[in-house]
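# Geometric and topological summary
Here is what each chain is made of, one letter per residue.
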Amino acid sequence: MKGLKNDEITIVIATNNRDKVTEIKPLLENIAPDISVHSLADLQVDIEIEETEETLEGNAKLKTDAVFNHLSDRFPCLITVADDTGLAVSGLNGAPGVYSARFAPMPEGKSPTYDDNVRHLLRTMENIADRKATFRTVIALKGRIPGDSSPYMFETTVEGFVEGEITREKTGNKGFGYDPVFWVNSAQATFAQMSTDEKNRLSHRSLAVKKAVEELRRLLILKP
Ligand code: IMP
């Protein structure tokens, strides 16, 4: 890692989801003040990545791989970061899980909106008493950083989760996705009742990002 300067490190968040960028970017910027953190939109990268794997790990890695390959020539010292998140509901035997984005049945070629998925979840669970649920985020990291004699490539995953319950109706108007129906046990509120800062203190994604930050600091030999 000889000679590596922080301002030569480019971290790219491999998502087109603006809500995720809002949550992840400030946490990654904490790694070190002069490391640059970009979203795909910041770099004007237009790339659609289909989530074809059957695990959160697999889908997160698809995203880091695709964006890494796309930008590899542009940045000598590049780290791509991607998350994949699933909501596992106990009374639904772990569904929707890896299919959380595509839970509500839709006509061929149409994707459900957040609202379609939330309505479908509440309807499916009308007569289900066991409403325990877990949000799980897997973050994949892929990078090329200078090594002692040649570039050092790494690939790894970390995860974070938070326990809660599915409410009987939507509560709160912040956040995105299933936030209005996910009651966080430790906060006694839904995610949709929390500001970004509050959600970032305890969410599945922020816990995973914090682990990713520790891992990157270790790899880059940066002190907290
Ligand atoms: P993704 O595949 O990681 O984009 O996540 C799958 C789906 O889970 C998304 O379409 C959202 O509906 C939902 N989701 C992901 N993260 C969150 C979150 O932090 N809060 C609420 N819903 C989320």
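As a reminder, the structure under discussion sits directly above these lines.
All of the points below concern the structure found in this document. (Residues numbered from 1 in each chain as written. Predicted model: local features only at pLDDT ≥ 70, side-chain atom pairs only at ≥ 80, totals over all residues. Heavy atoms only, no water.)

### What about the overall build of the protein?
Which entries qualify depends on this criterion: Runs of E in the DSSP output that reach at least two residues are strands. Runs of H or I that reach at least four are helices, and both are numbered from the N terminus. C-alpha atoms define the radius of gyration in this analysis, and the globule rule sets the expected value at 2.2 Å times the number of residues to the power 0.38. Residue burial is assigned from relative accessible area. The probe radius is 1.4 Å, only protein chains are included, and a residue is buried under 20% of its type maximum, exposed over 50%, and partly exposed in between.
Within the protein one finds 5 helices and 8 strands. Element order for the protein, N to C, with α for helix and β for strand: β-α-β-α-β-β-α-β-β-β-β-α-α. Relative to the 2.2 N^0.38 estimate, which gives 17 Å for 224 residues, the radius of gyration of the protein is 18 Å and therefore close to what a compact globule would have. When the backbone C-alpha atoms are referred to their principal axes, the protein occupies close to 60 × 40 × 25 Å. Residue burial in the protein is summarised as follows: out of 224 residues, 50% are buried.

### Some thoughts on the site of the ligand
Here is the rule we go by: Being near a molecule or strand, for a residue, means having at least one of its heavy atoms within 4 Å of it. Here a polar contact is taken to be a pair of N or O atoms separated by no more than 3.5 Å, where protein atoms must pair a possible hydrogen donor with a possible acceptor and residues adjacent in sequence count only if both atoms sit in side chains. Only protein atoms enter the calculation, which uses a 1 Å grid: trapped sets of points that fit a 1.4 Å probe without letting it out are cavities, open sets showing protein on both sides within 12 Å along at least five of seven lines are pockets, and any residue with an atom within 4 Å of a point is a lining residue. Pocket or cavity membership: a molecule qualifies when more than half of its atoms sit within 2 Å of the grid points of that site. In the scheme used here, Gly and all other residues not listed as nonpolar or charged are polar, with Ala, Val, Leu, Ile, Met, Phe, Trp, Tyr, Cys and Pro taken as nonpolar and Asp, Glu, Lys and Arg as charged.
Lys-20, Thr-85, Asp-179, Lys-199 and Arg-205 are the nearest of the 15 residues found near the ligand. Measuring from an oxygen atom of the ligand, one finds a side-chain N or O atom of Lys-199 at 2.8 Å. In this structure, a nitrogen atom belonging to the ligand sits 2.5 Å away from a side-chain N or O atom of Arg-205. Assessed atom by atom at 2 Å from the grid points, the ligand resides in the largest pocket. Secondary-structure elements contributing two or more residues to the shell around the ligand are β3 (78-89) and α5 (204-220). Residues belonging to the shell around the ligand are distributed by class as follows: 5 nonpolar, 4 polar and 6 charged.

### Observations concerning the nonpolar core
The nonpolar side chains of a soluble globular protein tend to be buried with one another. Selection rule: Put simply, a nonpolar core is a bunch of buried Ala, Val, Leu, Ile, Met, Phe, Trp, Tyr and Cys residues held in one set by side-chain atoms that sit within 4.5 Å of each other.
Of all hydrophobic cores here, the largest spans 25 residues; its most connected members are Ile-11, Leu-28, Ile-31, Ile-35, Ile-79, Ile-139 and Leu-216. Sorting the residues of this core by element identifies β1 (10-13), α1 (18-28), β3, β5 (132-146), β6 (151-166) and α5 as the ones contributing at least two each. If you look at the next biggest cluster of nonpolar residues, it comprises 20 residues, including Leu-92, Ile-166, Tyr-178 and Phe-182.

### A short note on the layout of surface pockets
Here is the rule: Grid points are joined across faces, edges and corners, and a volume is the space filled by probe spheres set on the points.
Looking at the largest pocket, its volume works out to about 1100 Å³. In terms of lining, the largest pocket is formed by 40 residues, of which the most central are Asn-17, Lys-20, Glu-51, Ala-101 and Tyr-114. Contributing elements (two or more residues each) for the lining of the largest pocket: α1, β3, α3 (114-124) and α5. Considering every element that reaches the lining of the largest pocket, the biggest residue donor is β3, with 4 residues. Of the residues that constitute the lining of the largest pocket, the class distribution is 15 nonpolar, 12 polar and 13 charged.

### Observations concerning the environment of Val-21
Residue placement: Val-21 occurs in helix α1. It is 18 Å that separates the C-alpha atoms of Val-21 and Asp-65, two residues lying 44 residues apart in sequence.

### Description of the pairing of β3
Selection criterion: One bridge is not enough; two strands pair if DSSP finds at least two bridges between them.
β3 sits mainly inside the fold: 11 of its 12 residues count as buried. Bridge count between β1 and β3: 4 bridges; the pairing is parallel. Among the inter-strand pairings, Val-12 is bridged to a residue of β3, identified as Thr-80. Bridge count for β3 against β5 is 12 bridges, and the pairing is antiparallel. What sits directly across from Thr-80, in β5, is Lys-142. As paired elements, β3 and strand β4 (residues 96-97) share 2 bridges and run antiparallel to each other. Across the sheet, Ala-88 pairs through a bridge with Pro-96, a residue of β4. Connecting β3 to the antiparallel partner β4 that follows it, the hairpin turn spans 6 residues, and Asn-93 within it adopts a positive phi of roughly 50°.

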